[in-house]
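# Residue-level structural notes
Residue strings, one per chain:
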Amino acid sequence: MEATYTASAVGKNIRLQRILGKGTGKAVVLAMDHGIEHGPKDFIQPHLDPRVIIDKVVKAGVDAIMLPRGLARLTWKVWANKTALIVKVTGKTSLRPSDKQFTQDPIATVKDAVALGADGVAATVYWGAPEEDVMLRQFTEIAAECETYGMPLLNLAYPRGPHIAKKEDVEIVRYAARAAAEVGADIIKTYWTGSEETFREVVRATPIPVMMSGGTKTETPEQFLRVVKGVMNAGGAGVVVGRNVFQREKATEMMRAILKIVHEDASVEEALKLTE
Ligand code: FBP
């Protein structure tokens, strides 16, 4: 007799497979919550219109897009049935006072994500921040709702705060990533630790897929593609990238190059040709 599974376990697995490269376990996700986190200054024209950049990355073959619910509602005709959707359920603006920058607040619920037809939700925890306790209570509630609805949960596992001297330090990053797995995350998105060797330590310490968070735009496409290659060589599950794609004129080409490394194990040189 074949084992039976709960409905939510089945739902979570199906959704996870949609996010992680249709079951390959690897993915490239477009992050686009910058309008709330940083403001419109992050977008170059014509990518200030979210439909334009989402259409480009969908055509390039992106595995999933991570959006706040308002953007998901505005843009659904561009991405529906073409890529997976992850709804970001926590957020903050950079406008708030500096002593409130180390926390994130609810901006949507798991139910909202279900209503939108989403394949996952994403929530940030600033591990080590003074308000880590608030974010952990929030994360625990989100994780419980995710269990009910069979919804995969991605943790933006970001160590930061006045006590964190260097947020990209391997010991600190792997602590945050491990802690995220222990509180019920299904996927981690965290900082690049600066080398393949150190990122491998993060992946080894974390019993769930680890994705790299893009970061600020590198001077050249090659610099970013080298980091992507390092992530994959280290055993990472892929990248969640925003500015390194949508701040470039040739966003479609850049997305294709990243996908080529993540899904086809292409060399940086091979991938770079796609950006020309
Ligand atoms: P990038 O690839 O552009 O770095 O996007 C990743 C991300 O986590 C976004 O989801 C978010 O809006 C932004 O970075 C937050 O950046 P920070 O908190 O470092 O200012």
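To start, this report covers the structure provided alongside it.

Definitions and cut-offs
Residues numbered from 1 in each chain as written. Predicted model: local features only at pLDDT ≥ 70, side-chain atom pairs only at ≥ 80, totals over all residues. Heavy atoms only, no water. Helix = DSSP H or I, 4+ residues; strand = E, 2+ residues; numbered from the N terminus. Expected span 1.5 Å × (residues − 1). Buried < 20%, exposed > 50% of the residue type's maximum accessible area, 1.4 Å probe, protein only. Contact = heavy atoms within 4.5 Å. Pairing = 2+ DSSP bridges. Axes fitted to C-alpha atoms, helices over the stretch in contact; angles between N-to-C directions.

## Section: helix H9 (residues 221–233)
- An ideal rise of 1.5 Å per residue puts 18 Å on 13 residues; H9 measures up with 18 Å between its terminal C-alpha atoms.
- Every buried residue belonging to H9 is among Phe-224, Leu-225, Val-227, Val-228, Lys-229, Gly-230, Val-231 and Met-232, and all of these are buried.
- Check the buried side of H9 and you find it contacts helix H8 (196–205), strand E9 (210–213), strand E10 (238–241), helix H10 (243–246), helix H11 (251–264) and helix H12 (268–273).
- Backbone geometry just after H9 places Gly-235 at a positive phi near 95°.

## Considering the sheet that holds strand E7 (residues 153–159)
- A barrel is described by the order of its strands in space; here eight strands give the closed sequence E1-E2-E3-E6-E7-E8-E9-E10, paired in parallel fashion. For this sheet, the mean angle separating the axes of adjacent strands, direction not counted, is 25°.
- Two strands pair when backbone bridges link them, and strand E1 (residues 27–31) and strand E2 (residues 64–67) are joined in this way by three bridges, in the parallel orientation. In the sheet register, Ala-31 faces E2, and the bridge partner there is Met-66.
- The sheet contacts of H9 involve E9 and E10, and relative to E10 the element is tilted by about 140°.

## Description of unusual backbone geometry
- Residue Pro-46 follows Gln-45 across a cis peptide bond; omega there is 5°.
- Structurally, the position occupied by Pro-46 is in the loop between helix H2 (34–37) and helix H3 (50–60).
- Within the chain, Asp-265 stands out as a residue other than glycine whose phi angle is a positive 55°.
- Among the secondary structure elements, Asp-265 is positioned in the loop between H11 and H12.

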